[in-house]
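As a plain string of letters, each chain reads:
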Amino acid sequence: MDSRVSELFGGCCRPAGGGAGGALRGRGGPAPGGGGGSKAKKKNGRSRGGKANNPPYLPPEAEDGNIEYKVSLLKLQKEVFLPEGYFALKLVNPSQYRFEHLVTQMKWRLQEGRGEAVYQIGVEDNGLLVGLSEEEMRASLKTLRRMAEKVGADITVLREREVDYDSDVPRKITEVLVRKVPDNQQFLDLRVAVLGNVDSGKSTLLGVLTQGELDNGRGRARLNLFRHLHEIQSGRTSSISFEILGFNSKGEVRECAAELKKLENRTAFLLQLSKWIDKSWLFFTCLLGLLFSPSPYVPQVVNYSDSRTAEEICESSSKMITFIDLAGHHKYLKTTIFGLTSYCPDFAMLVVSANTGIAGTTREHLGLAMALKVPFFIVISKVDLCSKATVERTVKQLERILKQPGCNKLPLLVNSDDDAVTAAQQFAQSPNITPIFTLSSVSGENLDLLKVFLNILPPLTNSKEQEELMQQLTEFQVDEIYTVPEVGTVVGGTLSSGICREGENLVVGPTDDGKFLRLKVCSIQRNRSACRVLRAGQAATLALGPFDRSLLRKGMVMVSPEMNPTICSVFEAEIVLLFHATTFRKGFQVTVHVGNVRQTAVVEKIHGKDKLRTGEKAVVRFRFIKHPEYLKIGAKLLFREGVTKGIGHVTDLQAITTKENGLEESLGPGQLSF
């Protein structure tokens, strides 16, 4: 999907040359894919009333991916003349053979999208937007529902617009979201890291999204997200916290009770309530009006306003967004970097305050997301505190930075539901698109647009890549360590590859002396609900029973005993020095971040150079100063020390052999830990 989709669903169908860059081209020009160009030349003279028609088109349909084009979902009966000399098919109910074929096709698209697919009804395979009449569209949607029921999926009409071909009969296209939870999963899961400067409203926004209640303007919504007393007292996040937001499979309108609960938190409603309380008949009349009045379209979210526990949210959701709330203050930068590198977020949400603009650590967090190649979108918060001119100035400031040579991003301001749908599709397909939202956590302005965006946002990896990861040996990154009464030692992290099951035997390490120890996975939980099988890319907590917690630390890995894991204390990396006040030399110590590994390392050698200055590249040899770590060639690397920062990737490892790191001894009968 490209900018042509945005113009089409924005109600603008312009002929070639009529818009910027000819976004919607006519059939007189070369058709994408080359499928329909010859037909256009043969029948170029046939048009209704002699009008010059230039129907727009989308990029040709791809064989892979989760987007499907359909002129119609019905059976061939006869040909009907269309503008520009083209023929579409007048269709009725499909035959059983055709229906089974369509169902098989839907299964393929759902598999490619890991449970989600988008159907463009009224679009030919080569991208021509022919559109359908009202009767044909109703019949096509009815067939699509039958197909979805056959595979156990639900459909949601995202948007529909008329396509102007100078035709006597109005024709339109419809975009439909098909969602089905894969048979081997409980729900679809996406992880979104939340970045931004201190006091930009990150935790408050997450509190509003996950609790279902607007903020009172003094930070009440963020209280449930804080983990420490000093965070509540200062209002600043210093640790990493997780919050979940669920979406059901249909994307229906919010229940009236939930809408009323939101209204009750608004100051205006409370003021009116105090006036009405003396007149009970007027109060109940207003109450009934609120209950039965139609609500604007928003996706059906599942949060703590409707559910008491995280387990209930998981059971009611078909898609789950896990927010990783990171610290904004500069003194907690190491915590923010650890959250970005170890928790493997799919996307990042950069929150910018409308009244302060780009300040503090905003640029630094933006640079971290780009250095780690995490796709990000931007949310401008606190628009209720500013004038329209101030908000526009902040938007322009962001657009200037995003368009700079170092970023090369294309900002996309989201102002409507159509913009949100287009932004979600383009954002996942093009790394250069950066959606921008302007909203308020107090008034709720444009909050629904962010929910629509998150509801439609597809996963980055397709089913083939996911399957390849699951075929590899088990590897689980240890990011958090807990001790739970009556459960024992519990570790939290992400499964990088393979499949992990309850009762499985793994090895964990490396320890301080470079050994790996055996352990047993007693139970698994995802988003605080029980789970028997964990698959590659999923985050979870694993209960290890009576395993000694003192033997564990952050940065370890739990792997299959068949892997024969290699560790190292010395490694080489190709780096780019982003900033250094003077020169970067041999003997300089930096804190190195590689995945969930965070340790101080010393520079032993700079190949081909004696020193480095800001902006220069080189291959550098590092040595960990405390204990060996488990690394992989090609892993992304980020290092820092004060204002010194650099990025790169691991190119070589001086591995410690199995005999040296004591793997055989640690796996002996006398050192088993279950």
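Residues numbered from 1 in each chain as written. Predicted model: local features only at pLDDT ≥ 70, side-chain atom pairs only at ≥ 80, totals over all residues. Heavy atoms only, no water.

Draft legend 1. Summary view of the pairing of strand E8 (residues 241-247). Summarising burial for E8: six of the seven residues are buried, a large majority. Pairing of E8 with strand E10 (residues 319-325) involves seven bridges; the strand directions are antiparallel. Looking at E10, one finds that Gly246 is bridged to Met320. (Buried < 20%, exposed > 50% of the residue type's maximum accessible area, 1.4 Å probe, protein only. Helix = DSSP H or I, 4+ residues; strand = E, 2+ residues; numbered from the N terminus. Pairing = 2+ DSSP bridges.)

Draft legend 2. Molecular detail of the sheet that holds strand E31 (residues 636-641). Taken together, six strands build a closed barrel; the order of strands is E25-E30-E28-E27-E31-E32 and the barrel is antiparallel. Between one strand axis and the next, the sheet turns through 45° on average, direction left out of account. Pairing geometry for strand E27 (residues 589-594) and E31, over three bridges, is antiparallel. Following the sheet pairing, Thr591 is matched in E31 by Arg640. Along the sheet, helix H11 (residues 333-342) contacts E27, strand E28 (597-606), E31 and strand E32 (644-656); its crossing angle with E27, the most-contacted strand, is approximately 35°. (Axes fitted to C-alpha atoms, helices over the stretch in contact; angles between N-to-C directions. Contact = heavy atoms within 4.5 Å.)

Draft legend 3. Summary view of unusual backbone geometry. Backbone torsion omega between Gly509 and Pro510 reads -5°, so that peptide bond is classified as cis. Backbone geometry at Asp199 places phi at a positive 65°, although glycine is not the residue there. Relative to the assigned elements, Asp199 resides in the loop between strand E7 (188-196) and helix H5 (202-211). Notably, Asn564 is not glycine yet its phi reads approximately 50°, a positive angle. Within the secondary structure, Asn564 is located in the loop between strand E24 (557-559) and strand E25 (567-579).

Draft legend 4. A look at the pattern of salt bridges. Applying the stated rule across the entire model yields 18 salt bridges. Linking Lys645 and Glu364 is a salt bridge whose minimum nitrogen-to-oxygen distance equals 3.0 Å. Residue Lys645 is located in strand E32, and its partner Glu364 is located in helix H12 (residues 362-371); the two are separated by 281 residues in the primary sequence. The residue Arg532 makes a salt bridge to Glu502 at a minimum N-O spacing of 3.4 Å. With Arg532 in the loop between strand E21 (529-530) and strand E22 (533-535) and Glu502 in the loop between strand E17 (499-501) and strand E18 (505-509), the pair connects residues that are 30 residues apart, well separated along the chain. When its relative accessible area of 32% is taken as the criterion, Glu502 is described as partly exposed. (Salt bridge = Lys/Arg side-chain N within 4 Å of Asp/Glu carboxyl O.)

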